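Descriptive structure summary
Chain residues, written in single-letter form:
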Amino acid sequence: MMKRWLGQRFQVSAIGIGCMPMVAGGNITYGKASPDEGVATIREAIDLGATFFDTAQIYGPFTNEELVGEAIKGRREGLVIATKFGFKFDGGQIVGVDGSPANARASVEGSLRRLGIDTIDLFYQHRVDPQVPIEETVGGMAELVREGKVRHLGLSEAGPETLRRAVATHPIAALQSEYSLWERGVEDEILAICKENDIGFVPYSPLGRGFLAGGIRSLDDLAPDDWRRQDPRYSAENMPANLAIVDAVAAVAARHGVSNAQVALAWLLAQGPSIVPIPGVKRRQTMRDSLGAPMLALTVGDLAELDAAAPAGGTAGPRYGERGMRMVRI
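Since the model is a prediction, treat every value here as computed from it, not as a measurement. (Residues numbered from 1 in each chain as written. Predicted model: local features only at pLDDT ≥ 70, side-chain atom pairs only at ≥ 80, totals over all residues. Heavy atoms only, no water.)

**What to know about the environment of Gly-26**
- With respect to the helices, strands and loops of the structure, Gly-26 is situated in the loop between strand E3 (17-18) and helix H1 (35-47).
- For Gly-26, a relative accessible area of 57% corresponds to the exposed category.
- For Gly-26 and Gly-92, which are 66 residues apart along the polypeptide, the C-alpha to C-alpha distance reads 9.3 Å. (Helix = DSSP H or I, 4+ residues; strand = E, 2+ residues; numbered from the N terminus. Buried < 20%, exposed > 50% of the residue type's maximum accessible area, 1.4 Å probe, protein only.)

**Comments concerning the sheet that holds strand E11 (residues 200-204)**
- Read from one edge of the open sheet, 7 strands run E3-E4-E5-E8-E9-E10-E11, paired in parallel fashion. Since the sheet does not close on itself, it has two edges, and those belong to E3 and E11, each with one partner.
- Judged from the 3 bridges that link them, strand E9 (residues 150-156) and strand E10 (residues 174-178) form a sheet pairing that is parallel. By the bridge assignment, Leu-155 is partnered in E10 with Leu-175. (Pairing = 2+ DSSP bridges.)

**Examining the pairing of strand E1 (residues 3-6)**
- Residues Arg-4 and Leu-6 of E1 are buried on one face, while the alternating residues Lys-3 and Trp-5, pointing to the opposite face, are not.
- Sheet topology places E1 next to strand E2 (residues 10-13); 4 bridges connect them, and they run antiparallel. In the sheet register, Lys-3 faces E2, and the bridge partner there is Ser-13.
- Between the antiparallel neighbours E1 and E2 lie 3 residues, among them Gly-7 with a positive phi of about 60°.

**Digging into the side chain of Asp-226**
- Along the chain, Asp-226 falls in the loop between E11 and helix H7 (239-256).
- Among the polar contacts made by the side chain of Asp-226, one reaches the main-chain amide nitrogen of Gly-31 at a distance of 3.1 Å.
- There is a polar contact of 2.8 Å between the side chain of Asp-226 and the side chain of Arg-228.
- Beyond its immediate sequence surroundings of up to four residues, Asp-226 is in contact with Thr-29, Tyr-30 and Gly-31. (Polar contact = N/O pair within 3.5 Å; in protein donor to acceptor, adjacent residues only side chain to side chain. Contact = heavy atoms within 4.5 Å.)

**Quick notes on H7**
- Helix length check: H7 (18 residues) gives 26 Å between terminal C-alpha atoms against 26 Å at 1.5 Å per residue, within 8%.
- Buried residues of H7: Met-239, Asn-242, Leu-243, Ile-245, Val-246, Ala-248, Val-249, Val-252 and Ala-253, and no others.
- On its buried face, H7 sits against helix H8 (260-269) and helix H10 (300-309).
- At the exit of H7 stands Gly-257, carrying a positive phi of roughly 70°. (Expected span 1.5 Å × (residues − 1).)

**Some words on the packing of H1 against helix H9 (residues 284-291)**
- Where H1 contacts H9, the two axes come as close as 9 Å, and the packing angle between them is 30°. When the axes of H1 and H9 are compared, the pair comes out roughly parallel. Crossing of H1 over H9 shows right-handed handedness. The segment H1 lies against H9, with Glu-37, Ala-40, Thr-41, Glu-44 and Ala-45 engaging Arg-284, Met-287, Arg-288 and Leu-291.
- Classifying every residue of the contact of H1 with H9 by side-chain character gives 4 nonpolar, 1 polar and 4 charged. (Axes fitted to C-alpha atoms, helices over the stretch in contact; angles between N-to-C directions. Parallel < 35°, antiparallel > 145°, perpendicular 65-115°, else oblique. Left-handed = near helix turned anticlockwise from the far one by under 90°. Nonpolar A, V, L, I, M, F, W, Y, C, P; charged D, E, K, R; others polar.)

**Here's the deal with the side chain of Arg-228**
- Tracing the chain through its elements places Arg-228 in the loop between E11 and H7.
- Here Arg-228 falls in the buried class, since its relative accessible area comes to 9%.
- With residues up to four places along the chain from it excluded, the contact list for Arg-228 reads Tyr-30, Gly-31, Arg-209, Gly-210, Ile-216, Leu-222 and Tyr-234.

**Some thoughts on the nonpolar core**
- By size, the foremost hydrophobic cluster in this structure holds 78 residues, and its most contacted members are Ile-17, Ile-42, Phe-53, Phe-123, Leu-155, Leu-175 and Phe-201.
- Looking at which element gives the most residues to this core, the answer is H8, with 8 residues.
- The residues touching Phe-201, leaving out its near neighbours within four places in the chain, are Leu-6, Leu-175, Ser-177, Tyr-179, Val-186, Ile-190, Leu-191, Cys-194, Ser-274, Ile-275 and Val-276.
- Counting residues in each nonpolar core, the second largest holds 25 residues, with Ile-28, Ala-173, Trp-227 and Val-276 among its members. (Core = buried A, V, L, I, M, F, W, Y, C linked by side-chain atoms within 4.5 Å.)

Structure below.
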């Protein structure tokens, strides 16, 4: 497996594994998932050379970290385990954001316990809390680094000014935000700030929550409880226009004899050397396919064709509903 540097601070496999879809039930479901298959998928990914695994307190909530912990038991050495905090809960229900140092401390203790590890390699603030200055949040997270509970700090969906202020407080190893052929908003300013400050960039939903893989052509292809039924880009109004992007990816994939997913991931890898996508997987079959993406060399013509089919701002519909959009790029 090829490796990449995240922010010139540590190396990871060129493709990471997004573990969120492995949750069976809970607050976010992307079709039917089996915890046993999830554990087997993580273990085989390690065998194939994947070293970067992404989870979060919110997934389940809590149960995804437990699944990852079970999968990596006895296989921790050489892995980079990333998790996130930043929400407040009433029992198992999310009731808001909380970027306080106290929540960072309480969250890291719970994550360490569920993951069964002594140190979290990459600890993200999942969403910026507009009520807590980022200097205060990052300062509290930095205390956890000094205590050895966390190795590196990250942010997720932070806006440009927030990112600059965070870096002035403590080194930020990685920014995780949505980025793919159908979501290119980070190209206007965010990626440049990351490059200037040696911050690695971790695209989540690099396959458009599975849409770019080509297997979803209508809402009928989604289970009734699938979270993506809430996604505006999957709506009956927007999906027909967005299928043109999928068709463009499929045309490139057919020329190379590879999957749509490999083309979409290879396009991201071509956008910069410190970009490490984390496609969400829940089965060994799709995991194996995604891990093959770094071997695909897209031509200049391929990249131009994909850029023309999916220009920045060209996707129909916002990437989240109204509530979700209020929580990004803060």
